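Structural characterization, general
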Amino acid sequence: MRPVELPPRVEFVLDNGLRVVAAARRELPLVSLLFVTDAGSARDPAGKAGLASLVSDLLLRGTKKRAPGEVTRAIEAVGGRIDAAADRDRAYVSVQALAEHLPLALEVVADVVTAPSFDPRETEAARRRQVAELEQSKDDPALVARRNLLAAYLPPDHPYAAPVPGWTSTVARLRRADLVEFHRASFAPQTSFLVVVGDVDADEVRRLAEDLFGGWKGASPGAQHLPLPRRARNKVRAIHKDESNQTQVRMVGPAELRWKDPLFFPAMVANVAFGGGFTSRLVNEIRVNRGLSYSVGTTFTLLRGGGFFSFSSFTKNDTVGELLAVLLEESRRARESGFEPEEIERARRYLAGLYPLGLETNEQVAAAIAETILFDLGDDWVPRYRERVMAVTAEQAAEAAARYFFAEPFALVLVGDRDAIQRGIEEAGIDAEVEDLPLDQAA
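Below you will find a few notes about this structure. Numbering of residues starts from 1 in every chain and runs along the sequence as written. Note on the predicted model: pLDDT of at least 70 is required for a residue's local features to be given, and 80 or more for side-chain atom pairs to be given and counted; whole-chain, interface and lining totals, by contrast, use all residues. No hydrogens and no water enter the side-chain calculation; it runs on all heavy atoms of the structure.

**Focus: the sheet that holds strand S12 (residues 433–438)**
Spatial ordering of the open sheet is given by S9-S10-S8-S11-S7-S12, a layout of six strands whose pairing is mixed. Edge positions in the open sheet fall to strand S9 (296–303) and S12, since each of these has one partner strand only. Each strand axis lies, on average, 20° off the axis of its neighbour in the sheet, ignoring direction. As paired strands, strand S8 (residues 246–254) and strand S11 (residues 411–416) are joined by five bridges and run antiparallel to one another. In the strand pairing of S11, Arg250 is matched with Val413. Sheet strands touched by helix H11 (residues 281–288): S9 and strand S10 (306–316). Its angle to S9, the strand with the most contacts, is close to 140°. Should DSSP find at least two bridges between two strands, the strands are regarded as paired. We count a stretch as a helix when DSSP gives it H or I for four or more residues in a row; a strand needs E for two or more, and each element gets its number in order from the N terminus. Convention adopted: a line fitted to C-alpha atoms gives each axis, helices being fitted over their contacting stretch, and angles between N-to-C directions are expressed from 0 to 180 degrees. Contact definition: two residues touch when any of their heavy atoms are within 4.5 Å.

**Describing helix H1 (residues 51–59)**
In this scheme, a residue with accessible area under 20% of its type's maximum is buried, one over 50% is exposed, and one in between is partly exposed, where area comes from a 1.4 Å probe on protein chains only. For H1, a buried count of eight out of nine residues is recorded, marking the element as mostly surrounded by other parts of the structure. Of the positions making up H1, those classed as buried are Leu51, Ala52, Ser53, Leu54, Val55, Ser56, Leu58 and Leu59. Taken together, the buried residues of H1 touch strand S4 (81–86), strand S5 (91–98), helix H3 (102–114), helix H4 (120–137) and helix H8 (176–186).

**Points about the packing of helix H10 (residues 264–276) against helix H13 (residues 341–354)**
Two elements in contact, H10 and H13, have axes separated by 8 Å at closest approach and are oriented at 110°. Judged by the inter-axis angle, H10 sits roughly perpendicular to H13. Viewed along their axes, H10 and H13 form a crossing whose handedness is right-handed. Contact residues: H10 offers Met268, Val269, Val272 and Ala273, while H13 offers Glu343, Ile344, Ala347, Arg348, Tyr350 and Leu351. Counted by class, the contact of H10 with H13 contains eight nonpolar, no polar and two charged residues. We call two directions roughly parallel when the angle between them is under 35 degrees, roughly antiparallel when it is over 145, roughly perpendicular when it lies between 65 and 115, and oblique otherwise. By definition, turning the near helix anticlockwise from the far helix through less than a right angle yields a left-handed crossing, and turning it clockwise yields a right-handed one. Ten residue types, Ala, Val, Leu, Ile, Met, Phe, Trp, Tyr, Cys and Pro, are classed as nonpolar, four, Asp, Glu, Lys and Arg, as charged, and the remainder, Gly among them, as polar.

**Description of a nonpolar patch on the surface**
Patches were defined on residues exceeding 30% relative accessible area and lacking a salt bridge, with like-charge contacts within 9 Å and nonpolar side-chain contacts (Val, Leu, Ile, Met, Phe, Trp, Tyr) within 5 Å. Here, Shrake-Rupley sampling with a 1.4 Å probe gives the accessible areas, and only protein chains in the shown set may cover a residue. Just to be clear on terms, a salt bridge is a Lys or Arg side-chain nitrogen sitting within 4 Å of an Asp or Glu carboxyl oxygen. Together, Phe278, Tyr350, Leu354 and Leu357 make up a nonpolar patch on the protein surface, roughly 430 Å² of accessible area in all. Here Tyr350 is to be found in helix H13. Overall, the relative accessible area of 30% leaves Tyr350 in the partly exposed class.

**Things to note about the packing of aromatic side chains**
Ring geometry is summarised as follows: Phe, Tyr and Trp rings, the Trp one being its six-membered ring, pair when their centres sit within 6.5 Å, and such pairs are stacked at plane angles under 30 degrees, edge-to-face over 60 and tilted between the two. In the structure shown here, the tally under the stated rule is 20 aromatic pairs. Aromatic side chains Phe265 and Trp381 sit 5.1 Å apart centroid to centroid with 35° between the ring planes, which places their arrangement in the tilted category. Placement of Phe265 in helix H10 and of Trp381 in the loop between helix H14 (362–374) and helix H15 (385–390) is noted, with a sequence separation of 116 residues between them. Of the two residues, Phe265 and Trp381, both sit in the buried class. Linked through ring pairs, Trp259, Phe264, Phe265, Tyr355, Phe375, Trp381 and Tyr385 together constitute an aromatic cluster. Only when the NZ atom of a Lys or the CZ atom of an Arg is both within 6 Å of the ring centre and within 35 degrees of the ring normal do we say a charge sits over the ring. The ring of Phe12 has Arg206 sitting right over it, with the charged end atom 4.3 Å from the ring centre. The ring of Tyr294 carries Arg287 above its face, with NZ or CZ at 4.2 Å from the centroid.

Dropping the structure here:
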């Protein structure tokens, strides 16, 4: 199986600590920029969940020299696109544009990252919009379930407990001064890097980066200690939604898995065989054989402070217990007996075949390079990815399943009819602490 190669790249560090990577792909006259900084929602102060998300939104809504609206217009006027977002660990700004507009693209990114204005009117409008979106999300049981997943497992004061957009109650209290202080305290060149991919010259990228970012000053926010506590007992967060005919089902457990862990590739393959692929065991048992749900999936979430393994599905109210029983039984079977060789072979080929499709565009390549930087994966990570996937054995996959597939106390989030949820828990024989949460408190 042929390896997938990243384009040749040049790396350098500015005097202020900003790391810059330039990778040349000259097939098309396009360029992709990806700025990454250590300013995710895990840095939201206590009681201010949603702050990092709001700050990222406001980055594109005016700077000290560009009025609200001018940031996006500057990029769109030359046929480009600019986006900003935050996740739990980091904040991002990305630009896609024609290569001839690289100087403008870099100048705009430097402007929004180093000098956002947090215009009072724009800030208030964005805050109100985020509150309204959170309120509206209460009408979508799937969104409610997803946003409550880590909150159900973790203590409420853990930095990962709140969803990235925050809760309605916390976002409603945010003020412009909070955004200004978060940006001052969390955005710094020493904890940021910039990846430029496309029809570019490394010397030009270096010159532009030094001119545009060289004067940026900022104190490093410092490393975060984010240990993931273990639950001593299973927990169910039951969220009642009136007139629900279906119940959303989410389960999450700890998975102390790192990118460079020897079990990383076995875990990825085991996940595809178990619930992360179209022909996985859970898809067959829940969807094909029993018709309990159309949607079934499992995934690993790897965060700086540790990882999680989660399951997602939905089912009719009268089959909640059956779905949960199947999930628990199949999890136990995977932990104790592993997988058949043909299951692992299908999973390996699926993962190895899918991998190149995620490296076709400049934007995807920039994200892959960022990944290798963030997790210190080394230059051979991408070229050897498919080789390492194909080398996974059934025994290694079984070891990963035994360690990560809900082997410890877990948390369940069930969104639907309260009576159906209670019946389902009892029918599945789940011994757990049950938290009955009104819908108004779940977003």
